[in-house]
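# An overview of the molecular structure
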Amino acid sequence: MMDASEDELAPEVRSILAAARDRPGGETRVSVDARSFPDAVAAAEAEGRVPLVAEVKPTSPTTEGTRGDDPVELAREMVDGGATALSVLTEPEHFGGSAENLRRVREAVDVPVLRKDFLVSEAQLDAVEADVVLLIARFVGDDLSELLAAARERGFQVLVEVHDRAELARALDAGADIVGVNNRDLAKLDVDLETFESVAPHVPDDVTLLAESGVSTVEDVRRMRAAGADALLVGTAIMDGDVRANTDRFTTAEISE
Ligand SMILES: O=P(O)(O)OC[C@@H](O)[C@@H](O)c1c[nH]c2ccccc12
């Protein structure tokens, strides 16, 4: 999206976006046999676990240092800790990710895997197979419907990320059925859990709704669930320390009162 609102983005985010626009796509069109994300969420719920998407995020503009562990090892620990699905960063320049990390993780686990990146063109969908791809409403602008259709044609499920009610309306108009509300403001990079609480009431029941970013305690997990989150997406608080224990703590947040 090339409009005035781009000036309002944090410098790091502008740099991420500039890099994303230059990134080439895959050479041949992918065709994915996707593992159902809504089914995985329902299964976790039926077992009394908090449906959690655990994120393999080696670093980020808001994290200090880089975690160099093998992403496959981290992914296995997350699944052992009860994660419903995984998110794997594929953005190389600001998040330490790669398409290869995603490919290896998806081969090693049997839960759905989300490709976390800043996709802005159809060809970029072909870089690697995943069960779910992310489209960020703010970044794809008027191309949302087209990219959503292009992704579905390839077999991907699509998570559309929004930050306010106006973006939610655009996501729903485009036909999004998995929506994530990002608590992180891409203009300031700060996190406010009230973002989810203010947008969630306007999301129809048949949409699978994720609360993204800034969940760092078991209290936060319960708070997002109380506000209507079908699932949570957690990166930093899982990557910090014992990945398996962290995942276990969050997925059992509703049993271990
Ligand atoms: O590390 P956190 O605060 O738990 O956040 C995870 C995830 O929501 C965040 O990494 C994220 C949300 N939307 C994104 C878009 C691209 C890259 C990363 C993200």
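Residues numbered from 1 in each chain as written. Predicted model: local features only at pLDDT ≥ 70, side-chain atom pairs only at ≥ 80, totals over all residues.

- Looking at an unreviewed UniProt entry, one finds the protein named Indole-3-glycerol phosphate synthase, with Halopelagius inordinatus as its source organism.
- Quoted verbatim from the Pathway (unreviewed entry) field of the UniProt record, the comment on the protein reads "Amino-acid biosynthesis; L-tryptophan biosynthesis; L-tryptophan from chorismate: step 4/5."
- Recorded in UniProt under Sequence similarities (unreviewed entry), the annotation for the protein is "Belongs to the TrpC family." (UniProt positions renumbered as here; feature names shortened; annotations may be inferred.)

### A short note on the pairing of strand 7 (residues 208–212)
- For strand 7, a buried count of five out of five residues is recorded, marking the element as mostly surrounded by other parts of the structure.
- Of the two faces of strand 7, the one lined by Thr208, Leu210 and Glu212 and the one lined by Leu209 and Ala211 are each fully buried.
- Where strand 6 (residues 178–182) meets strand 7, five bridges bridge the pair, whose relative direction is parallel. Paired with valine 179 across the strands is leucine 209, a residue of strand 7.
- Across three bridges, strand 7 lies against strand 8 (residues 231–234) in parallel orientation. Bridge pairing in strand 8 links alanine 211 to leucine 232.
- Where the polypeptide runs from strand 7 across helix 10 (residues 218–226) and back to strand 8, its parallel neighbour, the crossover connection is right-handed. (Buried ≥ 20, exposed ≤ 12 C-beta atoms within 10 Å, placed from the backbone. Helix = DSSP H or I, 4+ residues; strand = E, 2+ residues; numbered from the N terminus. Pairing = 2+ DSSP bridges. Right-handed = clockwise from strand over helix to strand, strands pointing away.)

### Regarding helix 8 (residues 165–173)
- Glu167, Leu168 and Ala171 are the residues of helix 8 that are buried. Taken around the axis of helix 8, the buried residues stretch over an arc of 105°, which confines them to a single face. In helix 8, the exposed positions angled more than 90 degrees off the buried face are occupied by Ala166 and Asp173.
- Glycine 175, located one to two residues past helix 8, shows a positive phi value of around 95°. (Arc of directions from axis to C-beta.)

### So, the site of the ligand
- Close to the ligand lie 14 residues, the nearest being Glu212, Ser213, Val234, Gly235 and Thr236.
- Elements that contribute at least two residues to the shell around the ligand include exactly strand 8 and helix 11 (236–239).
- Its residues assigned to classes, the shell around the ligand comprises four nonpolar, five polar and five charged. (Near = placed C-beta within 6 Å. Nonpolar A, V, L, I, M, F, W, Y, C, P; charged D, E, K, R; others polar.)

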